[in-house]
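Single-letter residue listing:
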Amino acid sequence: MPELLASLNPGLLLIAAGVLCALLPQRQIRQALTVAVPLLGLVLLMQAPHGQNLAEARMMGLDLILYRVDNLNFVFALAFLIAVLLNAVYAMHDDNRLHDGVALIYGGASVAAVLAGDLMTLFIFWEITAISSVVVILQARTRAAYGASMRYLAIQILSGVLLLNGAAWYLNANDTLMLPGQVGEGIDLDGPGAWLLFIAFGIKAAFPLLHSWLVDAYPKATVTGAVVLSAFTTKLAVYTLARFFPGETPLVWLGAAMALFPVFLALIENDLRKVLALGLVSQNGFMLAAIGVASDNHMQTALNGAAGHAFVCVIYMGLLFMVTGALIHRTGTAKISELGGLFRSMPVTAIFAIIGGLTLAAVPLFSAFATKSLIIEAVKSSSAFWVWISLYAASAGVLAVGALKVPFHAFFGRDSGKRVDEAPFNMLLAMGLAALLCILVGLPGVIPGFGYEVLYNMLPYPEAARGYKLFTASHVLTQLQLLVLALLAFMLLRRLGLYPSEKPGLVLDSDWIYRRVGYDLASWANRVWKKAGPAMSAGLNRGGARLYHRIEAASSPQGQLSRGLVSQSMAVWTAVILGIVLILTLIVAS
Amino acid sequence: MSDVIPPDRDETGRFVSAKRSDTPTDDRANWHPLARSLFGWTTGAKAPALLFWGMVLLGALLILGDLLVDHKSKFEIQNLFGFYGFFGFIAFGVIILAGWLLGYLLRRDEDYYGDAETAQERAWSEER
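Residues numbered from 1 in each chain as written. Chains lettered and ligands numbered in written order. Predicted model: local features only at pLDDT ≥ 70, side-chain atom pairs only at ≥ 80, totals over all residues. Heavy atoms only, no water.

(A) Region of the structure containing the overall build of chain A. When you go through chain A residue by residue, the secondary structure sums to 24 helices and three strands. The C-alpha extent of chain A, read off along each of the three principal axes, is 115 × 60 × 60 Å. A total of 590 residues make up chain A; the buried ones form 60% of that total. Once local pairs closer than 6 in sequence are excluded, the contacts in chain A between residues at least 24 apart make up 80%. If you sum the accessible surface of chain A, you get close to 22500 Å²; carbon and sulfur atoms cover 68% of it. Charge centroids of chain A, computed over 37 positive and 30 negative side chains, lie 14 Å from each other. (Helix = DSSP H or I, 4+ residues; strand = E, 2+ residues; numbered from the N terminus. Buried < 20%, exposed > 50% of the residue type's maximum accessible area, 1.4 Å probe, protein only. Contact = heavy atoms within 4.5 Å. Areas by Shrake-Rupley, 256 points an atom, 1.4 Å probe, with all protein chains shown as cover. Lys, Arg positive; Asp, Glu negative; His and termini not counted. Charge placed at Lys NZ, Arg CZ, Asp CG, Glu CD.)

Put into structure tokens, the structure is as follows:
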């Protein structure tokens, strides 16, 4: 029995439970399942041996490895299972079996995808995450969500098609579909196949200009849906990039751009969930930059940083999305211009917002400080000065999300006059658990079993992580200097009246290219075709008719060419000559 | 744009009066009990100034901390006194001030793409 359990992929377990939940009308049983199954999954994952193929299959002549745990994917799978658990608790106030089921399927497919040992298995679960997440977005049942979900689906399917083509190339080149064996090994970014894989992963990781599906769709989901969406897709892509492309230079620059530019947009954005989506892109940028510098002697620190930051990011971004969800649940809006002063009604949620914000800003004693420091350290050792500077600027800039928007403008600042109830108990419980994790993973390891060292021991290279001294006076001082002085800049500019006020409105993003320019081009082409089409058919008809009349006038039995003896005898002679040629050809050929 | 303009704003969404913290004290009865003890102090008339000068003091102390700590720097620029503090101040200042330009260039009406929630849809979703 233990052997059978050891070969049971927790992701598949979650998917099966998800299908069951979607069919199960009894609320209590269903919600008990949504909590119990991820817990069971956690147990299964914890006791799975590392570096072995735990479940294999053979299909269409391909060897598939359905379940394989190693030092890299363990921490991602762990983060996903914790997220599934927290999301289930967060959604308990709502009796929606489709949401409960699809959330489990989506989380399960993500877990199964990171635990896959070959590209075909990865592709299958890659697509299941795309389809199940579209159902999560559609749950909002609004016109905007429908449009966003269709754009989202198109882009996700594009990513899947590219992945499938890349996988075919990979099979052709390597004679196997197995993922690169050793952690940190990867493949070289040369040849069209590697680029196909790179872009397929990049779309889901929200590369610059390919990120708008995320900022477009997440804010349009339901309260619970946005929390579910925030956890999985982009982190799955971060994992695949860490698996396939560690040390590839393009990732360094893409990561630095991703970390820095979204914070500029976040500062002027009015929709809280859009702000968080931009913050999420920025945090993924840090991970990609770390994966990009993962070579030579800082490879271990870099991959530790990327994997660790992905783990804590799933939890603190989840926490911030939960906080915003609670605000929407109670006030009915996520627009900052309509919020403000809500600590009066929701003080406990405000505390969780502050904890989430402090973690996002990587304040010492909170979890992100432990992991972002590893990333900064790796970038520093790689001597990439401008990347290092960009990441520091992004570290200050992320305060726009983690300090200004979520805690300050929503809960403090000017009073909106809204007096509502505190968030429901299950939401507070989920937020409390997430906040607790943010703190427990950030503390120095004074109490055994707590503190950042627990996370460091689970990273791809535990020895390298343990060798890194986190709480040095220099690390703490520089980080506090950066954040405190950055906040001071905000306070000063606000006192001077130079802070741009919160205004309602929509901030354009790169989806403008297809939603406006592309749409306008298509509708222009449509208008042109509506006029040109009939004109062209009429012209063609007229031309055809004229040609027909000319031919008829010449060649019909009453036509010019048929009149007179010469034409008649010519026709007879032509037939005779043709007949002779045919007979001669037959004789020669035989 | 939202259909209803809140009473304290003009039609562009700007706050008309900059005065705050004049929430009537009797409104405190409507607050969550924890709110008064935890965050009540933030509504005090002097709280913003106190917070600001507290941060100034904290920032100054942190920069002075550079006198005591050796950063073992990798890049030349890190050797500058209080580099991280000044960098954070300038970087975030630039990001905030860029908001004026970006807001002017990129901010559009909420129904720019024609998918903003109509009043009818809102009523329907609230009913749900």
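Picking up where we left off.
(B) Up close: the overall build of chain B. Across its full length, chain B holds four helices and one strand. Along chain B, from the amino end to the carboxyl end, the secondary structure elements read α-α-α-β-α. The buried share among the 128 residues of chain B stands at 30%. Counting contacts in chain B only where the partners sit at least 6 residues apart, residues at least 24 apart contribute 18% of the total. As displayed, chain B offers around 8600 Å² of accessible surface, 64% of which is attributable to carbon and sulfur atoms.

(C) Quick look at the side chain of A:Asp216. All names here are of chain A. Along the polypeptide, Asp216 turns up in helix α9 (residues 212-217). Asp216 sits in the buried class, given a relative accessible area of 2%. A distance of 2.7 Å separates the side chain of Asp216 from the side chain of Arg151, its partner in a polar contact. Leaving out residues up to four positions away in the same chain, Asp216 has contacts with Ala148, Arg151, Asp511 and Arg515. (Polar contact = N/O pair within 3.5 Å; in protein donor to acceptor, adjacent residues only side chain to side chain.)

(D) Region of the structure containing the packing of helix α14 (residues 299-331) of chain A against helix α18 (residues 399-411) of chain A. Residue and element names in this part refer to chain A. Put simply, α14 and α18 touch, their axes get as near as 11 Å, and they point 25 degrees apart. Looking at the two axes, α14 sits roughly parallel to α18. In this structure, the crossing between α14 and α18 has a hand that is left-handed. Of α18, the residues touching α14 (which contributes Leu320, Val323 and Leu327) are Val406, Ala410 and Phe411. In terms of residue class, the contact of α14 with α18 is made up of six nonpolar, no polar and no charged. (Axes fitted to C-alpha atoms, helices over the stretch in contact; angles between N-to-C directions. Parallel < 35°, antiparallel > 145°, perpendicular 65-115°, else oblique. Left-handed = near helix turned anticlockwise from the far one by under 90°. Nonpolar A, V, L, I, M, F, W, Y, C, P; charged D, E, K, R; others polar.)

(E) Broad picture of the interface of chain A and chain B. On the side of chain B, 74 residues touch chain A, which itself brings 81 residues to the contact. Summed over both sides, the interface of chain A with chain B buries roughly 7000 Å², with 68% coming from carbon and sulfur. Between B:Asp115 and A:Arg515 there is a salt bridge whose closest N-O contact spans 2.9 Å. Seen at the junction of chain A and chain B, the total is 14 residue pairs in polar contact (both at pLDDT 80 or more). Ranked by the residues each element gives to the side of chain A that touches chain B, the list is headed by helix α22 (residues 473-495) of chain A, at 18 residues. By residue class, the composition of the side of chain A that touches chain B is 46 nonpolar, 17 polar and 18 charged. (Buried area = accessible area lost by both parts, 1.4 Å probe. Salt bridge = Lys/Arg side-chain N within 4 Å of Asp/Glu carboxyl O.)

(F) Expanded view of the confidence of the model for chain B. Mean pLDDT over chain B: 81, with 77% of residues reaching 70 or higher. Interface scoring of the predicted complex returns ipTM 0.85; its pTM is 0.88. (pLDDT = per-residue confidence, 0-100.)

(G) Region of the structure containing a nonpolar patch on the surface. Together, A:Val572, A:Trp573, A:Val576, A:Ile577, A:Ile580, A:Val581, A:Leu582, A:Ile583, A:Leu584 and A:Ile587 make up an exposed nonpolar region whose accessible area comes to about 1000 Å². With respect to the helices, strands and loops of the structure, A:Leu584 is situated in helix α24 (residues 565-589). (Patch = residues over 30% accessible without salt bridge, like charges linked within 9 Å, V, L, I, M, F, W, Y side chains within 5 Å.)

(H) Spatial organisation of the packing of aromatic side chains. Residue and element names in this part refer to chain A. All chains considered together, the criterion is met by 35 aromatic pairs over all chains. Both rings, one in Phe343 and one in Phe412, keep their centres 5.1 Å apart while their planes meet at 15 degrees; by these two values the pair is stacked. Taken together, the residues span a long stretch of sequence, with Phe343 in the loop between α14 and α15 (347-360) and Phe412 in the loop between α18 and α19 (425-440) at a distance of 69 residues. By relative accessible area, which is 1% here, Phe343 ends up buried. Judged by relative accessible area, which is 13%, Phe412 ranks as buried. (Phe/Tyr/Trp six-rings, centres within 6.5 Å; stacked < 30°, edge-to-face > 60°.)

(I) Geometry of the environment of A:Leu44. Here A:Leu44 is to be found in helix α3 (residues 27-46). The contacts of A:Leu44, once residues within four sequence positions are left out, are A:Leu5, A:Leu8, A:Pro10, A:Leu13 and A:Tyr67.

(J) Inspection of the pairing of strand β1 (residues 52-59) of chain A at higher detail. Summarising the sheet, β1(A) and strand β2 (residues 62-69) of chain A pair through seven bridges and their orientation is antiparallel. Looking at β2(A), one finds that A:Ala55 is bridged to A:Tyr67. (Pairing = 2+ DSSP bridges.)

(K) Layout of α3(A). If you check α3(A), its first and last C-alpha atoms are 29 Å apart, about what 20 residues at 1.5 Å a residue would give, namely 28 Å. What α3(A) keeps buried is the set A:Arg30, A:Gln31, A:Thr34, A:Val35, A:Val37, A:Pro38, A:Gly41, A:Leu42, A:Leu44 and A:Leu45. (Expected span 1.5 Å × (residues − 1).)

(L) Representation of the pattern of salt bridges within the structure. All names here are of chain A. Tallied over the full model, the rule gives 13 salt bridges over all chains. Between Glu502 and Lys405 there is a salt bridge whose closest N-O contact spans 2.9 Å. You can see Glu502 sitting in the loop between α22 and β3 (506-507) and its partner Lys405 sitting in helix α18, a full 97 residues away along the chain. The exposure class of Glu502 is buried, given its relative accessible area of 8%. On the basis of relative accessibility, which here comes to 0%, the residue Lys405 falls in the buried class. In this structure, Arg515 engages Asp511 in a salt bridge whose closest nitrogen and oxygen atoms are separated by 3.4 Å.

(M) Broad picture of unusual backbone geometry. Residues and elements named next belong to chain A. Even without a glycine there, the phi angle at Ala206 is positive, about 65 degrees. Mapped onto the elements of the fold, Ala206 is located in the loop between α8 (191-204) and α9. Positive phi, normally seen in glycine, also occurs at Asp296, with a value near 55 degrees. Positionally, Asp296 belongs in the loop between α13 (272-292) and α14.

(N) Layout of the nonpolar core. Residue and element names in this part refer to chain A. Formed by 234 residues in total, the largest nonpolar core has its most connected members in Leu119, Leu241, Phe245, Phe411 and Met431. Here this core takes 21 residues from α14, the largest share from any one element. Beyond its immediate chain neighbours, meaning those up to four positions away, Phe245 contacts Ile187, Leu189, Ala194, Leu197, Phe198, Phe201, Thr240, Leu251 and Ile291. (Core = buried A, V, L, I, M, F, W, Y, C linked by side-chain atoms within 4.5 Å.)

(O) Representation of helix α11 (residues 233-244) of chain A within the structure. Residues and elements named next belong to chain A. Helix length check: α11, at 12 residues, gives a terminal C-alpha distance of 17 Å against a target of 16 Å (1.5 Å per residue), a fit within 8%. α11 sits mainly inside the fold: 12 of its 12 residues count as buried. Considered for burial, the residues of α11 that qualify are Thr233, Thr234, Lys235, Leu236, Ala237, Val238, Tyr239, Thr240, Leu241, Ala242, Arg243 and Phe244.

(P) The side chain of A:Asn284, seen in detail. Residues and elements named next belong to chain A. Of note, Asn284 is situated in helix α13. Separated by 3.2 Å, the side chains of Asn284 and Lys235 make a polar contact. Residues contacting Asn284, with those up to four places away along its chain left out, are Ala205, Thr234, Lys235, Val238 and Met258.

(Q) Here's a closer look at the packing of α3(A) against helix α4 (residues 73-90) of chain A. All names here are of chain A. At their nearest, the axes of α3 and α4 sit 8 Å apart, and the two run at 165 degrees to each other. For the element pair α3 / α4, the angle class is roughly antiparallel. Between α3 and α4 lies a crossing whose hand is left-handed. In this structure, α3 contributes Thr34, Val35, Pro38, Leu39, Gly41, Leu42, Leu45 and Met46 to the contact, and α4 contributes Phe74, Ala77, Leu78, Leu81, Ile82, Val84, Leu85, Ala88 and Val89. Residue classes in the contact of α3 with α4 are distributed as 15 nonpolar, two polar and no charged.

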